[in-house]
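Chain by chain, the residues run as shown.
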Amino acid sequence: MTSFNRSTSRRLQKLTQIPSVWEGDRRPLSSPHTPFTDPDTKGDCILWVDASEGIVRGMDMIDPTLGPEAIVRTLMRAIEHPQSPAKPGRPQRIVVRDREIQFYLRGVLQDLDIAIDYVPELPIIDELFRSFAEVIDSQTPDLPPKYAKLLHDQALEVWQAAPWRFLEEQQILSIEINQWDVEKLYASVMGMLGIEYGILFYRSEDSLKRFRAAVLADEDELNQDLEEAFLKQDCLFLTFDSLDDNEADDLGNLAQMPLSEIQPTFGNIHPLEGLRSVLYEEEALLSFVAVESLLRFLRDHHRQLYDEDFLALSQRYRISLPEADNNRKSLTVTVSTMPELTAELEEMAGFDLDDEDEDDDDDSIFAALRDDLIPEDAFMSLGVLPWETLDYLRQAPNHQAAGEFEPAGDGLPVIVIQTSRPKAKGIIENIQAAGGLNAICFHTVTDPVDDDLYDLGLLQTHNSELFLFGQFLDDDPVHIEAKRKWHQRCQNTQGHCGLIIAKGLTGASRGNPQLRDMMALLEARVLSSEELSLETVD
C-alpha cells in the first residue's frame with residue numbers, strides 16, 4: 001500500500017485538529033441522458049463533507065478506472081486547501097460507508113491520529129447526491145434516451161462510410177419520407193475540404209438555395225451577415241468533432257483520428273429557434289430514417305457517385321422503425337440524386353463563368369504556378385499560433401522574421417504543413433534557396449480543365465516564384481468560414497502571418513503536430529488577391 005512521505009505526514013500533523021466528524025464517499029455520477037449507454041463514459045464523484053458544520057470541504061469528478069488513491073488526493077485538498085468558507089485542518093474522525101475505503105484509509109492515515117469508522121449511511125452526502133440526481137434528471141437530453149444509442153451507432157457508420165470522399169456540398173440527394181409533416185429532405189454532405197465533416201438535411205429546397213445564395217453574396221465581405229444566414233437555415237444536421245475539443249484541433253486533421261476519438265452531434269437549425277444540439281422524439285425518428293436510407297443508398301451506389309458526372313440515380317427502401325415507435329413498423333423511403341438542382345447551385349456559384357479576360361489571367365496564373373514544393377501526402381490546415389508559442393519558435397534555428405508588428409487577437413495566423421522529416425527538411429531548403437518566404441495568398445481562379453471555380457492557396461518566395469499549397473472549392477461554406485477567420489486574424493496582425501513546416505506524419509502526432517514537431521516557422525505577409533498581378537507572379 002502506498003503511504004505518505006514522512007515529510008508530508010509531519011506537515012499534516014502540524015495542522016490544527018478540528019473537533020469534527022467528516023463524511024467521505026465515492027459514487028458514480030452521470031446523466032441518464034448520455035448519448036449512448038457506455039459504462040466508460042460515466043464519471044465518479046468524490047465528496048468530503050464536514051458533517052459537524054454541514055459544509056463541503058472537497059469535491060472531485062474522476063475517471064471510474066482510477067484507484068483508491070483518488071479519494072485520498074481529494075481528502076488532502078479538503079484538509080490543506082478546503083473550499084470556502086472552510087479553513088485548513090484535519091478532523092478527529094472520518095466516517096465512510098464502504099469497508100474497502102475504510103481499511104484503505106486506516107492504512108494511509110495511520111500516522112495522523114484520525115479515527116476511521118464505518119457507518120451504513122451518510123446523511124449529508126446522501127442528501128447531496130439526491131440533489132445532484134434531481135438536477136441531472138431535469139436536464140433535457142441531447143437525444144431521446146430510447147433512440148440515443150441507435151443514433152450514435154448509426155452516426156459512426158456514416159463516419160466510416162465517409163461520403164465526403166466522393167460527394168461535394170452542392171451535389172444534393174433528396175430523401176422522400178412523407179411522414180412527420182415532412183415530404184422530402186435535401187441532403188448536403190460536408191467534408192471534402194477536410195475542414196468540417198457532416199451532413200445537412202434541409203427541410204425544403206428553398207431553404208437550401210437561400211443559404212447558398214447568402215453565402216455567395218457575402219463572399220467578398222464576410223461578416224455577421226453570414227452568421228445570420230446560417231441561423232436562417234431550416235434543417236437537421238449531423239456533424240463530427242473530436243472528443244478532445246480544444247484549440248489544438250485547428251492544427252489537426254479529424255479524418256486521421258481513430259474512431260474512438262470521434263464525437264458525432266445531432267441537432268436542428270430553424271430561423272425561429274436558431275441552432276440547438278438537441279433532438280426531440282419526432283426529430284430523432286426523422287433523423288434516423290434519413291440517415292439509414294442515406295447509408296443504404298451510399299452502399300448501393302458509391303461506385304456511380306464516384307463518377308465525375310453526377311448521374312441520375314433513384315432507389316426505394318423499406319426502413320424498419322425502432323421498436324419504441326408504436327405508430328407504425330416501417331416506412332417506404334425514396335432516395336434520389338438531384339443533377340438539375342446540383343447544376344443550378346453550380347451556376348449560382350459561377351462555375352460556368354466565361355469571361356475572356358479572367359480566363360487569360362487564370363491561364364497565366366496556372367502557367368506560372370508550381371506544385372512541386374508540397375508533397376501530395378502532406379497535411380495542410382489553417383490555424384493560429386498562440387503568442388507564447390510564437391516567442392518560443394522565434395528562438396529556433398529555422399525561423400524567418402518578417403518585420404515587427406503589435407500582437408493582437410489570439411495569435412499569429414498560420415498555414416501548417418505536416419509531412420515526414422526528410423520531406424519537411426526539403427521544403428525548408430527549397431524555400432530558403434528561393435530567397436525565403438515572401439507572402440501567402442488565396443486567389444480565386446477557373447480551372448482550365450473542368451471550368452470549376454477554385455480558391456488556390458499560394459506561397460510566394462522572394463524570387464517571385466509561386467507555389468501551390470492547397471486547392472478549395474470557392475463556394476464551399478466551410479472553406480469560406482475558415483478563410484473568414486484567417487483574414488480576420490490577419491487584420492489583427494496588420495497583414496502578418498506565417499508558415500509552419502512540421503514533421504511527424506506517421507507518428508503519434510499525425511494530423512496534430514506538437515511543438516517538438518515544428519521544424520520551421522517562416523513569417524510572411526498576406527498578399528491580397530488584387531495584389532496578385534502577373535507582375536507579382538513573374
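This section reports on the structure supplied with the text. (Residues numbered from 1 in each chain as written. Predicted model: local features only at pLDDT ≥ 70, side-chain atom pairs only at ≥ 80, totals over all residues. Heavy atoms only, no water.)

Describing the packing of helix α2 (residues 69-80) against helix α3 (residues 99-108)
Moving on, step 1. One can describe the packing of α2 onto α3 by two numbers: an axis separation of 10 Å at closest approach and a directional angle of 60°. Compared by their axis directions, α2 and α3 come out oblique. In the crossing of α2 with α3, the sense of the turn from one axis to the other is right-handed. For the pair α2 and α3, the contacting residues are E69, I71, V72 and L75 in the first and I101, Y104, L105 and V108 in the second.
Moving on, step 2. By residue class, the composition of the contact of α2 with α3 is 7 nonpolar, no polar and 1 charged. (Axes fitted to C-alpha atoms, helices over the stretch in contact; angles between N-to-C directions. Helix = DSSP H or I, 4+ residues; strand = E, 2+ residues; numbered from the N terminus. Parallel < 35°, antiparallel > 145°, perpendicular 65-115°, else oblique. Left-handed = near helix turned anticlockwise from the far one by under 90°. Contact = heavy atoms within 4.5 Å. Nonpolar A, V, L, I, M, F, W, Y, C, P; charged D, E, K, R; others polar.)

Side note on the side chain of E283
Moving on, step 1. Looking at the secondary structure, you find E283 in helix α8 (residues 281-305).
Moving on, step 2. Residues contacting E283, with those up to four places away along its chain left out, are R203, L236, N268, R276 and V278.

Here's the deal with the packing of aromatic side chains
Working definition: an aromatic ring pair is given by the centre-to-centre distance plus the angle between the planes.
Moving on, step 1. Evaluation of the coordinates by the stated rule reveals 11 aromatic pairs.
Moving on, step 2. Here the aromatic rings of W164 and F240 are separated by 5.8 Å at their centres, their planes lie at 65°, and the arrangement is edge-to-face. With a gap of 76 residues between them, W164 in the loop between α5 (145-161) and β6 (173-179) and F240 in strand β9 (residues 235-242) connect regions that are remote in the sequence.
Moving on, step 3. Classification of W164 by relative accessible area gives buried; the value is 6%.
Moving on, step 4. Overall, the relative accessible area of 5% leaves F240 in the buried class.
Moving on, step 5. Aromatic side chains F166 and Y306 sit 4.8 Å apart centroid to centroid with 50° between the ring planes, which places their arrangement in the tilted category. Of this pair, F166 sits in the loop between α5 and β6 while Y306 sits in the loop between α8 and β12 (314-320); the two residues are 140 residues apart in sequence, bridging distant segments of the chain.
Moving on, step 6. The buried category is assigned to F166, whose relative accessible area is 7%.
Moving on, step 7. Since its relative accessible area comes to 43%, Y306 is described here as partly exposed.
Moving on, step 8. We note R99 situated over the ring of Y118; from NZ or CZ to the ring centre the distance is 3.7 Å. (Phe/Tyr/Trp six-rings, centres within 6.5 Å; stacked < 30°, edge-to-face > 60°. Buried < 20%, exposed > 50% of the residue type's maximum accessible area, 1.4 Å probe, protein only. Lys NZ or Arg CZ within 6 Å of the ring centre and 35° of its normal.)

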